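Single-letter residue listing:
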Amino acid sequence: MATSISTSTTTESTPSPLTDSSVPSTPSSKIQLAFAIDNVKSIILVTLDNNSSLYLSWSALFKVQARIHNVHDHIVPPTDAKALQIVAKAKTNDLDLWNRFNPFLLQWMYATVSQDILNSILVIDDSAEECWNRIASLFHNNKHSRVVHLENRFTNTSFEDITSTKAYCTHLKLLADYLANVDSPITNTRLVLKTKAKMSGNLRKPRPKRKIVWISSVL
């Protein structure tokens, strides 16, 4: 009985290599974690197409997963000098690991874009960083003309053309998101003022059998 208790105590005091947070992850464990994903669309829920409004959501989701799997530096290299040294050291210490993640990220991008975009970005012997930048350029070309067009739509949107108060607020928010995608964000203050200015006259008019949804609850 004494021997049995002693063995049990020893087992409980020994940290498990699978659960002890002090054990550093090895290159092979990182590869296994990354390649354990059978369907990338299950974690990147947006399929990027030519609709520019999707780019911000797609890129945000992609970056989150890249950070989780410790491969964000492959698509967006750091600019800080200290971070650059860390990346260079990691690449030198395990060049095979670094190179294996390049096609892995390319596969992620290819699987989460539409066929039209895929045809536009495919390059032989491509790198993840160059492919990422190529996709970004598709949605940042002609940026000025897009900003002018979207600003015009935002400014001239009329409450009378929308079926409900909630739909009107949602439409304005959507246009604001589009502008954010082309680096011309609408401030929350401007969005609220725009909404109230256009709706003030309509809200004062009696509307039978129509429930008013206040702008503060929508935004």
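The structure we're discussing is the one just above.
Residues numbered from 1 in each chain as written. Predicted model: local features only at pLDDT ≥ 70, side-chain atom pairs only at ≥ 80, totals over all residues. Heavy atoms only, no water.

Quick look at the overall build of the protein chain now. Each helix and strand in the protein chain was counted, giving 11 helices and zero strands. Counted from the first residue to the last, the protein chain has its helices and strands arranged as α-α-α-α-α-α-α-α-α-α-α. Counting the 219 residues in the protein chain, one finds 30% classified as buried. If you take every contact in the protein chain between residues at least 6 apart in sequence, the share linking residues at least 24 apart comes to 64%. For the protein chain, the accessible area works out to roughly 14100 Å², and carbon and sulfur atoms hold 56% of it. (Helix = DSSP H or I, 4+ residues; strand = E, 2+ residues; numbered from the N terminus. Buried < 20%, exposed > 50% of the residue type's maximum accessible area, 1.4 Å probe, protein only. Contact = heavy atoms within 4.5 Å. Areas by Shrake-Rupley, 256 points an atom, 1.4 Å probe, with all protein chains shown as cover.)

Turning our attention to the nonpolar core. Trp58, Phe62, Leu105, Met109 and Ile135 are the most contacted members of the largest nonpolar core, which totals 27 residues. For this core, the elements supplying multiple residues, two or more each, are helix H3 (55-68), helix H5 (95-111), helix H6 (115-121) and helix H7 (128-138). Apart from residues no more than four positions distant in its own chain, Trp58 is found in contact with Ile44, Val46, Leu48, Met109, Thr112, Val113, Trp132 and Ile135. Among the nonpolar cores identified, the runner-up in size contains 13 residues, and Val147, Phe154, Phe159 and Tyr168 belong to it. (Core = buried A, V, L, I, M, F, W, Y, C linked by side-chain atoms within 4.5 Å.)

Moving on, we come to the pattern of salt bridges. Under the criterion given, the structure shown has three salt bridges. A salt bridge links Arg190 to Glu151; the shortest N-O distance between them is 3.0 Å. With Arg190 in helix H10 (residues 188-204) and Glu151 in helix H8 (residues 143-156), this residue pair connects regions lying 39 residues apart in the sequence. We note a salt bridge from Lys173 to Asp177, for which the minimum N-O separation is 3.0 Å. Of this pair, Lys173 and Asp177 are both found in helix H9 (residues 165-181), four residues apart, which corresponds to roughly one turn of the helix. On the accessibility criterion, Asp177 (32% relative accessible area) is partly exposed. (Salt bridge = Lys/Arg side-chain N within 4 Å of Asp/Glu carboxyl O.)

Here we come to the packing of aromatic side chains. Applying the stated rule across the entire model yields eight aromatic pairs. Ring geometry for Tyr55 and Phe139: centres 5.1 Å apart, planes at 20°, overall stacked. Of the two residues, Tyr55 sits in helix H3 while Phe139 sits in the loop between H7 and H8, which places them 84 residues apart along the sequence. Under the relative-accessibility criterion, Phe139 is labelled buried at 4%. On the basis of an interplanar angle of 45° and a centroid distance of 5.2 Å, the ring pair of Phe62 and Trp132 is categorised as tilted. Of this pair, Phe62 sits in helix H3 while Trp132 sits in helix H7, placing them 70 residues apart in sequence. Taken together, the ring pairs connect Tyr55, Trp58, Phe62, Phe101, Phe104, Trp108, Trp132 and Phe139 into an aromatic cluster. (Phe/Tyr/Trp six-rings, centres within 6.5 Å; stacked < 30°, edge-to-face > 60°.)

Here the focus is the packing of H3 against H5. Think of two packed helices as two axes; the pair is described by the angle between the axes and how far apart they sit. Running from N to C, H3 and H5 cross one another at 150°; their axes reach a closest spacing of 12 Å. Judged by the angle between their axes, H3 and H5 are roughly antiparallel. When the axes of H3 and H5 are compared, the crossing they make is right-handed. Facing Trp58, Phe62, Gln65 and Ala66 of H3, the residues of H5 in contact are Leu105, Trp108 and Met109. When the residues that make up the contact of H3 with H5 are grouped by side-chain class, the tally is six nonpolar, one polar and no charged. (Axes fitted to C-alpha atoms, helices over the stretch in contact; angles between N-to-C directions. Parallel < 35°, antiparallel > 145°, perpendicular 65-115°, else oblique. Left-handed = near helix turned anticlockwise from the far one by under 90°. Nonpolar A, V, L, I, M, F, W, Y, C, P; charged D, E, K, R; others polar.)

Inspection of H7 places Ala128, Cys131, Trp132, Ile135 and Ala136 among the buried residues, and these make up the whole buried set. Seen from one end, H7 has its buried residues packed into an arc of 140°, which puts them on one side. Of the surrounding elements, those touching the buried residues of H7 are H3, H5 and H6. (Arc of directions from axis to C-beta.)

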